[in-house]
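Per-entry structural report
These are the residues of each chain, in order.
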Amino acid sequence: MGEGMNINRLREIREDRDYSQRDIARVLHVPQQNYSRYELGIVRMPIEKYVILAKFYRVSVDYLIGLTDEIKPYPKSIIEKEKAAISE
């Protein structure tokens, strides 16, 4: 895995929140075997899947990949807030 990647965090957060690999595979719309390979570091998980998991767990992508130990997600960007305001 790339420098800074913490594949162990994927397993840790899943287990801490009492989800099975099958549960998370369903969230990501991938077979359980694929998710298992992500956790083991055999296959790199696409960034889009990290984004889905960050939203699901309510953490930052940086937390999931080990760039920070701060579990709190970042506030939404101004661009996202403007898009939300326009669509209301």
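Preceding this paragraph is the structure being described.
In this report, we go over the structure that sits alongside the text. All residue numbers here refer to positions counted from 1 along the written sequence of the relevant chain. Thresholds applied to this predicted model are a pLDDT of at least 70 for local features of residues and 80 or more for the giving and counting of side-chain atom pairs; totals over whole chains, interfaces and linings are not thresholded and use all residues. Side-chain measures here rest on the full set of heavy atoms in the structure, leaving out hydrogens and waters.

1. Here we look at the packing of helix α2 (residues 21-28) against helix α4 (residues 47-57)
Between α2 and α4, whose axes approach to 10 Å, the crossing angle comes to 115°. Judged by the inter-axis angle, α2 sits roughly perpendicular to α4. By crossing handedness, the relation of α2 to α4 is classed as right-handed. For the pair α2 and α4, the contacting residues are I24, V27 and L28 in the first and K49, I52, L53, F56 and Y57 in the second. Each residue gets one of three labels, nonpolar for Ala, Val, Leu, Ile, Met, Phe, Trp, Tyr, Cys and Pro, charged for Asp, Glu, Lys and Arg, and polar for the others, Gly among them. Among the residues forming the contact of α2 with α4, the class breakdown is seven nonpolar, no polar and one charged. Note on geometry: axes are lines fitted to C-alpha atoms, helical ones only across the stretch in contact, with angles between N-to-C directions running from 0 to 180 degrees. Starting at the N terminus, helices and strands are each numbered in turn, a helix being any DSSP run of H or I of at least four residues and a strand any DSSP run of E of at least two. Orientation categories follow fixed angle ranges, with anything under 35 degrees roughly parallel, anything over 145 roughly antiparallel, 65 to 115 roughly perpendicular, and all other angles oblique. Definitions for this section: a left-handed crossing has its near helix turned counterclockwise from the far helix by less than a right angle. A right-handed crossing has that turn clockwise. Residue contacts follow a heavy-atom distance rule, with two residues in contact if any of their heavy atoms lie within 4.5 Å.

2. Quick word on the pattern of salt bridges
For this document, the term salt bridge refers to a Lys or Arg side-chain nitrogen within 4 Å of an Asp or Glu carboxyl oxygen. A complete count under the given rule lists five salt bridges for this structure. Note that R14 is salt-bridged to E39, the shortest N-O span being 2.5 Å. Highlighted residues: R14 in helix α1 (residues 7-16) and E39 in helix α3 (residues 32-40), separated in sequence by 25 residues. Remark: exposure states derive from per-residue accessible area (1.4 Å probe, protein chains only) relative to the maximum for the residue type, with buried under 20%, exposed over 50%, and partly exposed in between. Judged by its relative accessible area of 8%, R14 falls in the buried class.

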